[in-house]
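Structure assessment
Each chain, written out:
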Amino acid sequence: MEVSKTCASNSCVCLLLFLWSPGLSMAMAEPSPRQLDKAQDSIMRGISSLVSGAMASSSTTGNWNASSDPCQWSGVNCSAPGSSSSMPAVVTKLSLSGFGFSDATILSSVCHLDTLQSLDLSKNLFTSLPGQHLPCPMKDGLQALNFSNNRLSGQPGNLSGFPNLEVLDLSFNYLSGNISTQLTYLPKLRTLNLTSNHFEGPIPTTMVPFLEELALSSNRFSGHIPMGLFGYANLTLLDVSRNNLTGKIPDVFLSFPRLSSLLLSGNNLGGAIPQSLLKLTMLCRFAGNQNRFQGSIPKGITKNIRMLDLSYNHLSGEMPPDLLSSDNLEAVDLTANRLEGLIPGNFSRSLQHLRLAGNLLNGRLPETIGNAMSLAYLALNNNQLVGSIPSQLGRCKNLALLDLSSNKLQGALPAELGNLDQLVVVKLQMNNLSGYIPNSFSNMKKLEVFYLGQNSFTGEIPSGVVQLPKLCYIDLHGNKLNGTIPSSISSLQFLITLALGNNELTGTIPIMPINLNAIELDHNYLQGQIPSTIGMLSNLEFLDLSNNNLSGQVPSSLARLQSLTHLFLSYNQLSGPLPDLPRSVILNVTGNPGLKNHTEDSDTPDHMAHTEDDFRSATWVAAVTFVVSFTVSFYAAGVRM
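Residues numbered from 1 in each chain as written. Predicted model: local features only at pLDDT ≥ 70, side-chain atom pairs only at ≥ 80, totals over all residues. Heavy atoms only, no water.

**Let's talk about the overall build of the protein chain**
- Tallying secondary structure elements over the protein chain gives five helices and 44 strands in all.
- Of the roughly 25,900 Å² of accessible surface on the protein chain, 52% is carried by carbon and sulfur atoms. (Helix = DSSP H or I, 4+ residues; strand = E, 2+ residues; numbered from the N terminus. Areas by Shrake-Rupley, 256 points an atom, 1.4 Å probe, with all protein chains shown as cover.)

**Some details on the nonpolar core**
- Core analysis: the largest hydrophobic core is formed by 136 residues, its most contacted members being M44, I47, L94, L96, F286, I343 and F450.
- For this core, the secondary structure elements donating two or more residues are α3 (38-56), β1 (76-79), β2 (90-95) and α4 (105-110).
- A per-element tally of this core places α3 first, with four residues.
- Setting aside residues up to four positions removed in sequence, I343 forms contacts with M319, L324, L356, L361, L365, P366, L380 and L385.
- Ranked by size, the runner-up nonpolar core spans 13 residues in total, among them L564, V585, L587 and V589. (Core = buried A, V, L, I, M, F, W, Y, C linked by side-chain atoms within 4.5 Å. Buried < 20%, exposed > 50% of the residue type's maximum accessible area, 1.4 Å probe, protein only. Contact = heavy atoms within 4.5 Å.)

**Examining the sheet that holds strand β23 (residues 360-364)**
- Taken in spatial order, the eleven strands make up an open sheet running β5-β7-β9-β11-β13-β15-β17-β19-β21-β23-β25, and their pairing is parallel. Edge strands, defined here as strands with exactly one partner in the open sheet, are β5 (153-154) and β25 (384-386).
- As paired strands, strand β7 (residues 174-177) and strand β9 (residues 198-201) are joined by two bridges and run parallel to one another. Paired with G177 across the bridge in β9 is F199. (Pairing = 2+ DSSP bridges.)

**What to know about unusual backbone geometry**
- The backbone of Q290 shows a phi angle near 60°, a positive value even though the residue is not glycine.
- Locating Q290 in the fold gives a position in the loop between β16 (285-287) and β17 (292-295).
- Take Q290: its relative accessible area is 46%, and that puts it in the partly exposed class.

**Details of the state of the cysteines**
- Applying the stated rule across the entire model yields two disulfides.
- Across a sulfur-sulfur distance of 2.2 Å, C71 and C78 are joined as a disulfide pair. Looking down the S-S bond of the C71 and C78 bridge, the torsion is -100°, so its handedness is left-handed. (Disulfide = S-S within 2.5 Å.)

**A closer look at the packing of aromatic side chains**
- In total, this model carries nine aromatic pairs according to the counting rule given.
- A centroid spacing of 5.2 Å and a plane angle of 20° characterise the contact between F230 and F256, whose relative ring orientation is stacked. Of this pair, F230 sits in the loop between β11 (220-223) and β12 (237-239) while F256 sits in the loop between β13 (244-248) and β14 (261-263); the two residues are 26 residues apart in sequence, bridging distant segments of the chain.
- On the accessibility criterion, F230 (7% relative accessible area) is buried. (Phe/Tyr/Trp six-rings, centres within 6.5 Å; stacked < 30°, edge-to-face > 60°.)

**Some remarks on the side chain of T195**
- Position of T195 relative to the elements: it lies in the loop between β8 (191-193) and β9.
- For T195, a relative accessible area of 11% gives the class buried.
- Those residues within four positions of T195 in sequence are excluded, and the remaining contacts are S171, F172, A215, L216, S217 and N219.

**As for the side chain of D41**
- Here D41 is to be found in helix α3.
- Of the residues examined, D41 reaches a relative accessible area of 18% and is grouped as buried.
- With near-sequence residues (within four places) excluded, D41 lies in contact with L36 and P70.

**Here's the deal with the sheet that holds strand β29 (residues 432-435)**
- The five strands lie next to each other as β27-β29-β31-β33-β35, forming an open sheet whose pairing is parallel. Two strands bound the open sheet, and with one partner strand each, they are β27 (410-412) and β35 (504-505).
- Sheet topology places strand β33 (residues 480-483) next to β35; two bridges connect them, and they run parallel. Paired with N482 across the strands is E504, a residue of β35.

**Structural notes on the pairing of strand β43 (residues 594-597)**
- Side chains of β43 alternate between two faces, with L595 and N597 buried and G594 and K596 left unburied.
- Bridging between strand β41 (residues 573-577) and β43 involves three bridges; their strand directions are parallel. Opposite P577, over in β43, you have K596 as the bridge partner.

**Some points on the environment of L259**
- Structurally, the position occupied by L259 is in the loop between β13 and β14.
- The spatial distance from the C-alpha of L259 to the C-alpha of R285 is 9.4 Å, given a sequence separation of 26 residues.
- When residues no more than four places from it in sequence are discounted, the contact partners of L259 are L235, T236, L237, L238, F253, L280, M282 and L283.

**Comments concerning the confidence of the model for the protein chain**
- With 78% of its residues at a pLDDT of 70 or more, the protein chain has an overall mean of 82.
- Note on residues 1-32: pLDDT is under 50 here. Beyond four places in sequence and across chains, it has 61 contacts.
- A low-confidence stretch, residues 599-641 stays under pLDDT 50, and its non-local contacts, those more than four residues away or across chains, total 75 contacts. (pLDDT = per-residue confidence, 0-100.)

**Points about the pattern of salt bridges**
- On inspection of all chains with the given rule, the structure shows seven salt bridges.
- In this structure, E212 and R190 form a salt bridge, with 3.5 Å as the shortest nitrogen-oxygen distance. Of this pair, E212 sits in the loop between β9 and β10 (213-215) while R190 sits in the loop between β7 and β8, and the two are 22 residues apart along the sequence.
- Residue E212 is classed as partly exposed on the basis of its relative accessible area, which comes to 22%. (Salt bridge = Lys/Arg side-chain N within 4 Å of Asp/Glu carboxyl O.)

**A word on the environment of M307**
- Tracing the chain through its elements places M307 in strand β18 (residues 307-309).
- Distance from M307 to R285, taken between C-alpha atoms, is 4.7 Å for residues 22 residues apart in sequence.

**As for the environment of A331**
- Checked against the element boundaries, A331 lands in strand β20 (residues 331-333).
- In this structure A331 comes out as buried when scored by relative accessible area, which is 9%.
- Between the alpha carbons of A331 and S350 there is a distance of 8.9 Å; along the sequence they are 19 residues apart.
- Not counting the four nearest positions on each side in its chain, A331 is found in contact with R306, M307, L308, L351 and H353.

See the structure below:
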């Protein structure tokens, strides 16, 4: 069977593996209206009293009413043990997730439900597993146990007594020690999730041979990937990411003919990418990011793989020409490697995420980028790309993030980019772009981050662009923009940063927004007075109007800015008294001979110790921190979708 057909017909399966949670694999049973027998009815009503107490002290809601049928309670499934309609029902599934339980008393009651097949006690405060020290008849028939997100600590102890357990989820606890010996007591185990604990030692290989899902992420496992692991031929998911694994990966992945998701990220694995991965026809996702892989990217690696992440490694050479062309390809991330050469020009129509930032790529951005019409995330920043931005990029109508910053791009911005009305982030700073900022950019109604700084743009700032309703960050500094600052900036209620420094702007400063948090207008040729309406900026934290040609008095309304932390008015022609600002404000008014701080000279106030450079560093650190965190969260959210 060809992988394209397999992955296409099992798209949902691949997505579930990507967002894998063994809790979803728990056995389900059909509810029944029939009554429980007296013994189980008594047990359930005893549990109900404990649940009612927990519900009273938490936000969890349910219908655990002691006067109603337990089989109708939320989280309870019942079924008949046989075919006779006269037989009473029994409890087969019980979910008590998120009640905040910590008292082991409820575990003693649950242990007497000897017909349970699935038990979910996740998101509670338990410190031990059920039946660790007392008899527990429930264990004999249990098939699925979810104890994730509790407070289990120490070694898990003896896991014997679960002869039929198929799904075990102990993720997000504080368990530690070597787990190998305990797993031999689970003869029917198919799914094991030990994510986010403190287990150490080698990767365990003592599970039953028909294990299908193994998640060991975010522990302290160390050593090489053991050859014994490749004996589990039924594995569909293998996640050993974020551990302390070292060495080369054995090139024997043909032992996993059913493998759909392989996650090796966040280790110290090295060597070349195993060639045997190319022959796994069921493999949908391979994440080997944040390791030390070397060598080139194998040709044909995306023939079967739909989501490939090899970012933050030491890969080198040119990208294979077929890397981006597979019909089912969805995401490729090769950020922060040592790749060079051209970007392949064959783009899959299904490609949604492409990250090639932080490499040594050169040449032009191919005009065929317009064929990637599903593209939502394009990050090619910090390379050596040249030439102009192709107008065909305007065909990628789903694009939400465009980052071409820190390259050698030149020429004018194509007006066709205005067709990208889904854009949230545009980062084109630190290139050699020139010409006018297109008026068509005013169509980007969802735009929040707009960075065009350190280019050679000329002309006026389009008023339509700076009144986009969701703009938070504007960086146009270091260009050759002229004219006045558009008054439409005053409509930007969510604006946080405005950087217009190092341009050729003139006129007054039309500031009237409510939620402006940071403004940098330094090194322009602004004229006129500071308007008193600047005092309406109730959330203003950073204000830099230095190195301009401003004159007149500083508005007294500045003293009402409760959020103000930095104020820089240096090297203007301001005069008169300085408003009585809080002493916590970092202030610089140097270079205004006529400006007085009450009776003191403007050069001598003791809270003027910080320099303009100090402020500018603080401002840009804050801005860069935002963009980095935004980009990471944006990408993560996009991949989850």
